[in-house]
Amino acid sequence: MVLHMEVRSVGAGNEASDGAAPAGPSSAAPDDAAPAPAALELRHAAKSFGAVKALIDGSVVLRGGEVHALLGENGAGKSTLVKILAGVHQPDSGEVLVNGAEVTLNGPAAARAAGIAVIYQEPMLFPDLTVSENIFMGRQPVRAGRRIDRGAMNRDANEIFAQLGVVLDPARPARGLSVADQQIVEIAKALSLNASVLIMDEPTAALSNVEVDRLFRVITALRGRGAAVMFISHRLEEVFSICQQVTIMRDGKFVMTAPAAELDVDTIIRSMIGRDLGEMYHKTGTVPGEVVLAVDQITRENVFYDVSFSVRRGEVVALAGLVGAGRTEVARAIFGIDRRSSGSVRLLGKALPNGDPTAAMAAGIAFVPEDRRQQGLVMDLGIDHNVALASLHRLSKGGLIFRSAERQLAVTWADRLQLKYGRMRDAVSTLSGGNQQKVVLGKWLSRSPSLLIIDEPTRGIDVGTKAEVHRIIDQLAAEGMAVLMISSELPEVLGVADRVLVIHEGRLAGEFARADATEDKIMRAATGQVAEAAA
Amino acid sequence: MTAPAAPLTPVQAPGVPRMARLLRAREAGTLALVLLVFLLTTLKNHNFASSGSIQQLLVGASLVALLGVGETMVLVTRNVDLSVGSTLGLSAFVVGNLFRTEGIPVWSGFVIAIALGATVGAVNGLITTLVKVPSLVVTLAMLYIIRGLDSKLVNGNIVVPSQVPHAFIEVGYETVLGIPWLAIIVAVVVIAVGYVMRTFRPARELYAVGSNPDAAALAGIPSGRRVFVAFVTSGALAGLGGALFLALFAQVDNSAGLGYELNVVAAAVVGGVAIFGGSGTVVGAALGAMLLNTIQQGLVAVNSSSFWDEAIAGGLLLIAISIDRLLALRVARSLRSAEGAHREL
């Protein structure tokens, strides 16, 4: 990913769009005076997955010729809302209206037929087929005998690219296209379908500056054609440069919609957070001891730069920031999964070799990854095998591993972590998310590490178990472990950490002690709204 | 409106035809290898270039090329059909046996063979798409089931030339303008299916399904139906292959088509069909069959020790595929470099 620090230029988007929008002044009050029905409206949609209420009250009104930002913290319900509009999820309640008429979007095809196109952060193309075939798959122009007319297909693709003001070879295979070009192909596909509503889910997250500028020109062109665009981004400067309307969500609920011109950064951030921290977090006051982890000026080219910090015994340090800011990448470079371009990492005073996870493990680092299904667990194996997996060397006797030793180890940790299970040999795939996380924790803790790195410790875990995981982290620190936690949930960061480091686009953008860390300060640092604080 | 944005991907005015050439180069490369092996062998043994020898080369590659057409259709969808060899054997015996016991007309032999193969393909396709068992497992099981059924049916009662109508056997050895009928039939199938695979929407959807199944679902492609048709076609062509086998050898026991599935998959892969789906052409697969057969017969023609025949054929195959992969990697890199150029902006 390419990262930058400077605020993006605001010019290109707005100037060009003012004269081009045919649907009348786009800044008119949207609610009462609008004569035409909204292109797409979602009213009070709710969606639960099991016990998790992903969306409680989702509402948004998209109008033709308008770019509408959807904002909210991670977990505010934006993705669920998008997937409802994309026809991927069906809402439990609430309604969807297209041009004023209620519709049921019971699948991606239905959403497509209703003129809704969704462009995901990572586009979904056919790498082996040509660009034009990707655009027109299933609808290729044909001539006599229903034979595909490749010439016409490439011409049509070129015509759409010209409307968008981009140049792309329609006859080349999609394999090897940059993410930015893949998005252009997706947008061209949407146009070829005559989509009247385009929903872009964090389209700029993986783009360089130049690519973002080009995307904004394309969005402006779309607006000029009268399309309704919904734009999701964590970068507030982008929102102000391209969007006319802003809708803010929090905790799965609609908070407010207002013209972008009437909002400022403060109001937006306050609306995005603004809630009290319940007594969900129990914090044992510990006096930090010696330095366990010392990270000195580590850089991984194009990913993060000059990151320095330390973690002491008994201390929980949180790495906060937006998704994609480079937090996980920093942790991976410390553990040695990714190589560092420069800088050093010392554990208990001893330098760790670059790019060597085995050495990091031997030195006493445990790494609990974000994606436990893919990277933390062998889903088809039993609880006992999974817990023992990282300790096989210690458990083996003469090269043999005895099941009884595995079981004993697993039982010990299952008790300590209050794991809820049927039998030890049950496959971990049968456990709930929270209990799976406990198995991963047990697996690493059984190695008695001096540093625990834990990435998104409570993602996808129900509220009750969440509190238990927080209590375990607190307890570990109280017992003298150094903990480095990555979390996108601000309440968790504030409730669990002794110290908060904020990363913005690959650089440390702020450091706050527990006493003076607030959601507001962290959010500002994470969105680049403050001048770089001393790291 | 606004001036067009500066192009991020360099304009490839001269690049478009070059790209088309590169893509076709996969087939052209295989053809060049066939000719190279042919020339090298001819240098050693001048008889290799005689018309009789060339006819033999064409006939020898025909059955594998024919089955390779159906296999390609299955492979591009990210599936595989390992039952084609058994299906060919069953079809050859059943048709031969019907000639012997029922005296059915010659034309109906082909129809029955195709129908029988299509039925096997339909079973493969149904289990793969409805029950969602991986096709590798389904068709491997089918390989053994049909082989067992075949052995039971034959039961020592093999079909011999005197029991097959003369008009049917003629298809196996008669020629038109020096080209064997067998090769003409297969060439027609290869060209026809090759054209269909390039030209019609449902056929392009086979590639889409194999290239990115999730995107195919989002695009509303009925993946199950498409994969089913691919299996039915593969089975039907294997059935037709059985009839042609009978015409060619006029003698069928329960070992007919034994091991063909591996030759067929190898031919397709040598001819540039991606084993993980999404790309490859039936013409490429047919040329792959030509290459394999030319290498094998070339080794015989230069009197290489028969002990080493298979090892040398395998080695040559590895070299050919390695060269092909290296070329493909270079193409991939050239595609990426266009991107790299503007990523650094």
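Analysis parameters
Residues numbered from 1 in each chain as written. Chains lettered and ligands numbered in written order. Predicted model: local features only at pLDDT ≥ 70, side-chain atom pairs only at ≥ 80, totals over all residues. Helix = DSSP H or I, 4+ residues; strand = E, 2+ residues; numbered from the N terminus. Buried ≥ 20, exposed ≤ 12 C-beta atoms within 10 Å, placed from the backbone. Contact = placed C-beta atoms within 7 Å. Core = buried A, V, L, I, M, F, W, Y, C linked by C-beta atoms within 7 Å. Pairing = 2+ DSSP bridges. Right-handed = clockwise from strand over helix to strand, strands pointing away. Axes fitted to C-alpha atoms, helices over the stretch in contact; angles between N-to-C directions. Parallel < 35°, antiparallel > 145°, perpendicular 65-115°, else oblique. Nonpolar A, V, L, I, M, F, W, Y, C, P; charged D, E, K, R; others polar. Left-handed = near helix turned anticlockwise from the far one by under 90°. Expected span 1.5 Å × (residues − 1). pLDDT = per-residue confidence, 0-100.

Engineer: Please clarify how the overall build of chain B should be interpreted in this entry.
Structural biologist: Secondary structure assignment for chain B yields 13 helices and two strands. Per-residue burial over chain B gives 46% buried out of 345 residues. When contacts within chain B are restricted to residue pairs at least 6 apart in sequence, long-range pairs at least 24 apart make up 81% of them.

Engineer: Mind showing me how you'd approach the nonpolar core here?
Structural biologist: Inside soluble globular proteins, nonpolar side chains tend to come together where they are buried. Judged by nonpolar contacts, the single largest core of 251 residues is most densely connected at A:Ile116, A:Leu198, A:Ile199, A:Ala318, A:Ile453 and A:Ile522. With 16 residues, the top contributor of residues to this core is helix H10 (residues 223-249) of chain B. Not counting residues up to four positions away in its chain, the partners in contact with A:Leu198 are A:Ala117, A:Ile119, A:Ala190, A:Leu222, A:Ala227 and A:Val229.

Engineer: Looking at this structure, how should I read the pairing of strand E10 (residues 228-232) of chain A?
Structural biologist: One face of the sheet, then the other: side chains in a regular strand alternate in exactly this way. Residues and elements named next belong to chain A. Most of E10 is tucked away, with five of its five residues classed as buried. The alternating pattern of E10 places Ala 228, Met 230 and Ile 232 and Val 229 and Phe 231 on opposite faces, both of which are buried. Note that strand E9 (residues 197-201) and E10 share five bridges and pair parallel. What sits directly across from Leu 198, in E10, is Val 229. Traced from E9 through helix H7 (residues 209-224) to E10, the parallel crossover comes out right-handed.

Engineer: Hey, could you run me through the sheet that holds strand E21 (residues 499-504) of chain A in this one?
Structural biologist: Hydrogen bonds between backbone atoms are what pair the strands of a sheet, whose relative direction is either parallel or antiparallel. Residue and element names in this part refer to chain A. Sheet architecture is open: six strands sit in the order E18-E19-E20-E15-E21-E22, paired in mixed fashion. Where the open sheet ends on each side, the last strands, each with one partner, are strand E18 (365-368) and strand E22 (507-513). The average angle at which neighbouring strand axes cross in this sheet is 15 degrees, direction not considered. Relative to strand E20 (residues 482-486), strand E15 (residues 316-321) runs parallel, the two being bridged by four bridges. Looking at the pairing, Val 317 lines up with Leu 484 of E20. Across the face of the sheet, helix H10 (residues 327-335) comes into contact with E15, E18, strand E19 (451-455), E20 and E21 while running at roughly 145 degrees to E19. Relative to the sheet, helix H19 (residues 519-526) contacts E15, E21 and E22, its axis offset from that of E21 by approximately 30 degrees.

Engineer: In this structure, what is going on with the packing of helix H8 (residues 201-211) of chain B against H10(B)? I would like to understand it.
Structural biologist: In a packed pair of helices, the relevant descriptors are the angle between the two axes and the axis-to-axis distance. All names here are of chain B. Interhelical geometry of H8 versus H10 gives an angle of 105 degrees and a closest axis separation of 10 Å. By the angle between their axes, H8 is roughly perpendicular relative to H10. Two secondary-structure elements touch here, H8 through Pro 202, Glu 205, Leu 206 and Val 209 and H10 through Ser 223, Arg 226, Val 227 and Ala 230. Taken together, the residues that form the contact of H8 with H10 break down as five nonpolar, one polar and two charged.

Engineer: Help me understand the environment of A:Val387, please; the structure alone is not making it clear to me.
Structural biologist: Residue and element names in this part refer to chain A. With respect to the element layout, Val 387 can be found in helix H13 (residues 383-388). Note: C-alpha distance between Val 387 and Asp 474 (87 residues apart in sequence) is 21 Å. Those residues within four positions of Val 387 in sequence are excluded, and the remaining contacts are Leu 409, Ala 410, Trp 413, Val 439, Gly 442, Lys 443 and Ser 446.

Engineer: What am I meant to see in the pairing of strand E4 (residues 93-98) of chain A here?
Structural biologist: Residues and elements named next belong to chain A. When strand E1 (residues 40-49) meets E4, the two strands line up antiparallel, connected through five bridges. Bridge assignment links Leu 42 to a residue of E4, and that residue is Val 96. Across three bridges, E4 lies against strand E5 (residues 101-103) in antiparallel orientation. Following the sheet pairing, Val 96 is matched in E5 by Val 103. Between E4 and E5, which pair antiparallel and follow one another directly, the connecting turn spans two residues, one of which, Asn 99, has a positive phi of 50 degrees.

Engineer: Looking at this model, I keep getting lost on unusual backbone geometry. Mind explaining?
Structural biologist: Backbone geometry at A:Glu456 places phi at a positive 45 degrees, although glycine is not the residue there. Secondary-structure assignment places A:Glu456 in the loop between E19 and helix H17 (463-478). Its 23 C-beta neighbours within 10 Å are what place A:Glu456 among the buried residues. Positioned with a positive phi, B:Asn155 is a non-glycine residue whose angle comes to about 45 degrees. Along the chain, B:Asn155 turns up in the loop between helix H5 (135-154) and helix H6 (166-173). In this structure B:Asn155 comes out as exposed when scored by C-beta crowding, with 9 C-beta atoms within 10 Å.

Engineer: What is the right way to read the packing of helix H3 (residues 84-101) of chain B against H10(B) from this model?
Structural biologist: Residue and element names in this part refer to chain B. Between H3 and H10, whose axes approach to 7 Å, the crossing angle comes to 50 degrees. On the basis of the axis angle, H3 is oblique to H10. Crossing of H3 over H10 shows right-handed handedness. Along its contact with H3, which presents Val 84, Thr 87, Leu 88, Gly 89, Leu 90, Ser 91, Ala 92, Val 95 and Gly 96, the element H10 presents Ser 234, Gly 235, Ala 238, Gly 239, Gly 241, Gly 242, Ala 243, Phe 245 and Leu 246. Per-class residue counts for the contact of H3 with H10 are nine nonpolar, nine polar and no charged.

Engineer: Help me understand helix H16 (residues 433-445) of chain A, please; the structure alone is not making it clear to me.
Structural biologist: An α-helix turns once per 3.6 residues; consequently, residues spaced three or four apart project the same way. All names here are of chain A. Compared with the 18 Å implied by 1.5 Å per residue over 13 residues, the 18 Å span of H16 between its first and last C-alpha is a close match. The element H16 is extensively covered by neighbouring structure, given that twelve of its 13 residues are classed as buried. Within the sequence span of H16, burial applies to Gly 434, Asn 435, Gln 436, Gln 437, Lys 438, Val 439, Val 440, Leu 441, Gly 442, Lys 443, Trp 444 and Leu 445.

Engineer: Hey, could you run me through the confidence of the model for chain A in this one?
Structural biologist: Caution is warranted with low-pLDDT regions, since their predicted coordinates should not be read in detail. Mean pLDDT over chain A: 83, with 90% of residues reaching 70 or higher. Contacts for the low-pLDDT stretch residues 1-34 of chain A, under 50 throughout, to residues beyond four places or in other chains number 54 contacts.

Engineer: What am I meant to see in the confidence of the model for chain B here?
Structural biologist: Residues and elements named next belong to chain B. Within chain B, residue pLDDT values average 85, and 86% of them lie at 70 or more. Confidence over residues 1-16 falls short of pLDDT 50; this stretch has 30 contacts with residues more than four positions distant or in other chains. Low pLDDT (under 50) marks residues 339-345, which in the prediction has ten contacts with non-local residues, meaning those over four places away or in another chain. We note a pTM of 0.71 for the whole complex and an ipTM of 0.83 for its interfaces.

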